[in-house]
Every structure is written in C-alpha cells, then in structure tokens.
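Inside the fold
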Amino acid sequence: MIAAQPFDFPYDGRLVPSQTALMVIDLQIDFCSPDGYFASMGYDPAPLAAIVPAVNRVISAARKAGCLIIHTRQGYRADLADMTPYEIWRRKRSGLENTQVLLRSSPGFQLLPELDVADTDVIIDKTCNSSFTYTDLEHVLRARGITHMLFTGCTTDVCVHTTLREACDRNFQCLTISDCCASGEQWAHEAAINMISIENGIFGTVSTSDAVIAGLAKASG
C-alpha cells in the first residue's frame, strides 16, 4: 500500500503495478518554459518546471515496478480544424491569433526534453483539459487492464483535476501525488489538492513522491 490521505491507497490494500497507470499530464515546453504559452499569459512557469525531478523519480520507480506510463500533450491541429468558433475567439482574445502556440505543429507542443520518456510509454494527444475527452485514453486503459491511476503534471487545478474527476467517475481508483503537480499560482494548487480529500476522498487520495516510490518498491519486491 501507499501511505496517503484520507486513507492509504488502494483502499483494499491490493496494489498491483501491472494494473496501475502513472499519468504525466502536459509537461510540455509550452507550459513549463519561460518563453512558452503559459508564461505569455502572465503566469510563472517556474513552479511547473520545478516538479520535473520529482516526477522523473516517480516515473523511474513506476517503470521499474511494471506500471504503465502515460504522457499527455495538449494542443490543436495545425490547420485549426478541431477548434470551435468559441475556441478560435478565445485564442484571438488571448493574443494567440496567427501564432503557433498550442498547436501540434509547434516546438512548444513537445514534451520537455528533460522529462523521462521511454519508447514503451504511451503518449495521448488531446485538445481539451480532460485527457479522456475525444481521445483513446480510456480504451488504452481498459485494454491494458488498468484499474488504478496515479496523477502527476500540470496544472493541478485544470488539466490534472479535470482528468482526475473523469477517472473517478469511470470508477478508476485514483491517487494524486501532491509534490509532482503544480499550478501557476500556489493557492490554486493548494485548493485543488484540498478538494481531492473532501467528503472522505471524493476524488481519491493524496500522497507524496517519497511515499509513492516506497509503496511501489514494496509492491514490486
């Protein structure tokens, strides 16, 4: 088991790495770089980049234990064919019209070069905040027999939380690793983490990278 709040994970004490997926959400250049999209919107990307070493440690432990590693990337088609009129309006309003920001054809769409990505990892490309919406994520999870999910990435209050909530509604058992997630503002991160454990763990459990690594080592040992 993994020491967590408001209860240890999983609730029944049966942690099976081969049935567990580690989600690494949107650790892309556009979000984590000082000259990427997130920074251009006036947010400090430093907290996002700062979690990468801890995320890499968890990736290494999860991969060694036999977990499935899934990275997600957010961005639209280069021809904007998958953007609604409202999304195009918001893009223009944000000053992104005629730019390559958040497009799959841009360098900023790529995962951070310092992120630990292996050929055996799965990459899910998405246009929405949730990694489930208009993607084959659930199909991949069901095909691989995944029942439990560990969450890392950015931002805690938007893409991580939206994916987490949908995973819970699909009856996956979920744990969020607090020091492996980040937001542009600390209060938003803290609020999102706090929401997980309300109502006796309505969105699963919360733990730390050290506790997760220790739990994975015991489960695979």
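Here the structure is shown first, and the text comes after it.
Residues numbered from 1 in each chain as written. Predicted model: local features only at pLDDT ≥ 70, side-chain atom pairs only at ≥ 80, totals over all residues. Heavy atoms only, no water.

1. Considerations on the environment of L27
Residue position: L27 is located in the loop between β1 (20–25) and α1 (29–32). Measuring from C-alpha to C-alpha, the distance between L27 and T120 comes to 18 Å, with 93 residues separating the pair along the chain. For L27, the contacting residues outside a window of four places in its chain are C32, I51, V55, T72, L111, L112, L115, G153 and C154. (Helix = DSSP H or I, 4+ residues; strand = E, 2+ residues; numbered from the N terminus. Contact = heavy atoms within 4.5 Å.)

2. Some words on the layout of surface pockets
In this approach a probe as big as a water molecule rolls over the atoms, and the regions it shows empty are the leftover space. Taken as a whole, the largest pocket encloses approximately 710 Å³ of empty space. Considering the residues around the largest pocket, the lining is formed by 29 residues, among which Y37, Q74, R90, N129 and V158 are closest to the centre. Counting only elements with at least two residues in the lining of the largest pocket, the list comes to α2 (37–40), α5 (85–93), α7 (156–169) and α8 (186–201). Counting residues per element, the lining of the largest pocket draws most heavily on α5, which supplies four residues. Each residue belonging to the lining of the largest pocket can be placed in one class, and the counts come to 16 nonpolar, seven polar and six charged. What the second largest pocket holds in volume is close to 150 Å³. Within the lining of the second largest pocket, the residues separate by chemical class into seven nonpolar, five polar and no charged. (1 Å grid on protein atoms, 1.4 Å probe; cavity = no way out; pocket = protein on both sides within 12 Å on 5 of 7 lines; lining within 4 Å. Points joined across faces, edges and corners; volume = space filled by probe spheres on them. Nonpolar A, V, L, I, M, F, W, Y, C, P; charged D, E, K, R; others polar.)

3. Overview of the side chain of D121
Relative to the elements of secondary structure, D121 occurs in the loop between α5 and β3 (122–126). With relative accessibility at 11%, the residue D121 sits in the buried group. A distance of 2.8 Å separates polar atoms of two side chains, one belonging to D121 and the other to R63. Excluding anything up to four places from it in sequence, D121 contacts R63, I69, H71 and D116. (Buried < 20%, exposed > 50% of the residue type's maximum accessible area, 1.4 Å probe, protein only. Polar contact = N/O pair within 3.5 Å; in protein donor to acceptor, adjacent residues only side chain to side chain.)

4. Quick look at the pattern of salt bridges
Applying the stated criterion across every chain yields a total of nine salt bridges. The partner of D121 in a salt bridge is R63, and the shortest N-O contact between them spans 2.8 Å. One end of the pair, D121, is in the loop between α5 and β3; the other, R63, is in helix α4 (residues 52–65), and 58 residues separate them in sequence. Accessibility expressed as a relative area gives 27% for R63, which makes it partly exposed. Here the salt bridges share partners, and the residues they tie into one network are E138, R142, E166 and R170. (Salt bridge = Lys/Arg side-chain N within 4 Å of Asp/Glu carboxyl O.)

5. Things to note about the sheet that holds strand β5 (residues 173–182)
Sheet strands pair via backbone hydrogen bonds, and the direction of the pair is either parallel or antiparallel. Spatial strand order, β3-β2-β1-β4-β5-β6: six strands in an open sheet with parallel pairing. Among the strands making up the open sheet, the edge pair consists of β3 and β6 (205–207). Neighbour-to-neighbour, the strand axes of this sheet turn through a mean angle of 25°, independent of strand direction. Packed on one face of the sheet, α7 meets β1, β2 (68–74), β3, β4 (148–154) and β5 and runs near 165° to β4. (Pairing = 2+ DSSP bridges. Axes fitted to C-alpha atoms, helices over the stretch in contact; angles between N-to-C directions.)

6. As for the packing of aromatic side chains
Between two aromatic rings, the relevant description is the distance of the centres plus the angle of the planes. Under the counting rule described, the total for this entry stands at five aromatic pairs. Ring centres of F31 and Y37 lie 5.9 Å apart, and the angle between their planes is 90°; this geometry places the pair in the edge-to-face category. Its relative accessible area of 8% is what places F31 among the buried residues. By way of ring pairs, the aromatic residues F31, Y37, F38 and Y43 are connected into one cluster. When the ring centre of F132 is taken as origin, the NZ or CZ atom of R170, which lies over that ring, is 4.4 Å away. (Phe/Tyr/Trp six-rings, centres within 6.5 Å; stacked < 30°, edge-to-face > 60°. Lys NZ or Arg CZ within 6 Å of the ring centre and 35° of its normal.)

7. Focus: the packing of α4 against helix α9 (residues 209–220)
In the contact formed by α4 and α9, the axes pass within 9 Å of each other and the chain directions differ by 10°. Taken together, α4 and α9 sit at an angle that is classed as roughly parallel. Across the interface between the two elements, A54, R57, V58, A61, A62 and A65 of α4 pack against S209, V212, I213, L216 and S220 of α9. For the contact of α4 with α9, the residue count by class is eight nonpolar, two polar and one charged. (Parallel < 35°, antiparallel > 145°, perpendicular 65-115°, else oblique.)

8. A few points about the pairing of β1
In terms of burial, β1 is largely enclosed, as six of its six residues are buried. Burial along β1 is two-sided: the face carrying T20, L22 and V24 and the face carrying A21, M23 and I25 are both buried.

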